[in-house]
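Coordinate inspection notes
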Amino acid sequence: MIKTELGEVRERFAEPRRAEITYDPGEIGCRTCRGLEDLIDDEPLVVTMTKAGYVKTVAAGTFRTQNRGGRGVRGARLKEEDLVTTVVHATAHAYLLFFSNMGKVYRLKAHEVPMKERTARDQRTHIANLLPLAAGERIQALIETRDFGEDRYLFFATKFGQVKKTTFSEYDKSRRDGFIAINLKEGDELVRVIQMGGGEDIFMVSAHGLTIRFGEDEVRPTGRAAQGVIGMRLRPGDEVVSCDVARDDVAILLVTDAGYGKRTQLDRFPRKGRGTMGVKGIKITARRGGVVAAFMVGLDDEVVLISSTGVTIRLAVREVASQGRDATGVRVMNLAPSETVTSVAPILAVDDADPAEVLT
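This section reports on the structure supplied with the text. Source: prediction; values computed, not measured.

Quick look at the layout of surface pockets now. Approximately 150 Å³ is the volume attributed to the second largest pocket. Lining the second largest pocket we find Tyr95, Tyr106, Arg107, Leu108, Lys109, Glu112, Leu130, Leu131, Ser174, Arg175 and Arg176. The leading source of residues in the lining of the second largest pocket is strand 7 (residues 104–109), at four residues. Here the residues of the lining of the second largest pocket sort into five nonpolar, one polar and five charged.

Moving on, we get to unusual backbone geometry. Even without a glycine there, the phi angle at Asp249 is positive, about 60 degrees. Mapping Asp249 onto the fold places it in the loop between strand 17 (240–245) and strand 18 (251–256). Judged by relative accessible area, which is 78%, Asp249 ranks as exposed.

To continue, consider the environment of Arg107. Position of Arg107 relative to the elements: it lies in strand 7. Separated by 65 residues in sequence, Arg107 and Asp172 place their C-alpha atoms 8.8 Å apart.

This part is about the sheet that holds strand 15 (residues 210–215). Strand order in this open sheet of four strands is 17-14-15-20, and the pairing throughout is antiparallel. Two strands in the sheet have a free side with no partner beyond their single neighbour: strand 17 and strand 20 (279–280). Of the strand pairs in this sheet, strand 14 (residues 201–206) and strand 15 are connected by five bridges, and their pairing is antiparallel. Along strand 15, the bridge assignment pairs Ile202 with Phe214.

Each value, and the rule that gives it
Residues numbered from 1 in each chain as written. Predicted model: local features only at pLDDT ≥ 70, side-chain atom pairs only at ≥ 80, totals over all residues. Heavy atoms only, no water. 1 Å grid on protein atoms, 1.4 Å probe; cavity = no way out; pocket = protein on both sides within 12 Å on 5 of 7 lines; lining within 4 Å. Points joined across faces, edges and corners; volume = space filled by probe spheres on them. Helix = DSSP H or I, 4+ residues; strand = E, 2+ residues; numbered from the N terminus. Nonpolar A, V, L, I, M, F, W, Y, C, P; charged D, E, K, R; others polar. Buried < 20%, exposed > 50% of the residue type's maximum accessible area, 1.4 Å probe, protein only. Pairing = 2+ DSSP bridges.

Dropping the structure here:
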């Protein structure tokens, strides 16, 4: 009966559609807008990546400032065989440049990396689901930027001590399959990529605590596919762990995998020519461990440290003692037996901690 009655209605009223049904983008589609990104709040984020390649973003407000040596709050429940290796402070609209161990670079917006809870494990995203990595390729370095200026450079440092400087604008590409960022020698890997404007001094630090300072103008600009030149000579068994640019009113912070760290004033380091071994930057002992991270910090800065078990601590730089080059540092993070510091990254200062959330 329903079928018959509907058929009669169709025969009586059916006629060609008068209204056109189409998509109306509204103001989001205007030329002065950036599309759907305008609906995404440009909030501060902490991007973390593990040794196994799992990546996520976490709201920066999740972590609170703590006293030196605190145990911190848990940043991620990780599998025993996995380690957190990279921490980057960014905002949702910033570009993330992923540099692989094979010398390629990939680009994403920070908001394209899924945001998860601080302790999320099962819902983490593997970087291979976001980037078309080749077999055996892994992400070795990660930086963030808001633009790609002609007057700025990307400075590369490799495990074997090679360095290269290339105009930043050469990396303003969005190829889905990535492209060559640096040509590497056999067995070498990319360690660090930093942004610079020209005329600065470069600091390179090795796992054995040696530190070299040389002028950036000693490295002439080359193309994306160039191999670069020797930046730091290394003793057998040593390797470069980090490099950074000297700035006014800062010190260099060095942290070991055993949880020790110190600040040292830059005038303690003589300017050496590129290609030398440098001088002692921190006294290394079996108990203190090897250097895992080194970068420039100011007294008002804060840093995030993450351990091999996923424990995270947010620390004010002024809590870390200022010492000479030959000092071994002070305890900056308490670690359980067999636990090590795997990642250290600077972050912007935020509101004071809520005492209820601070663990000391």
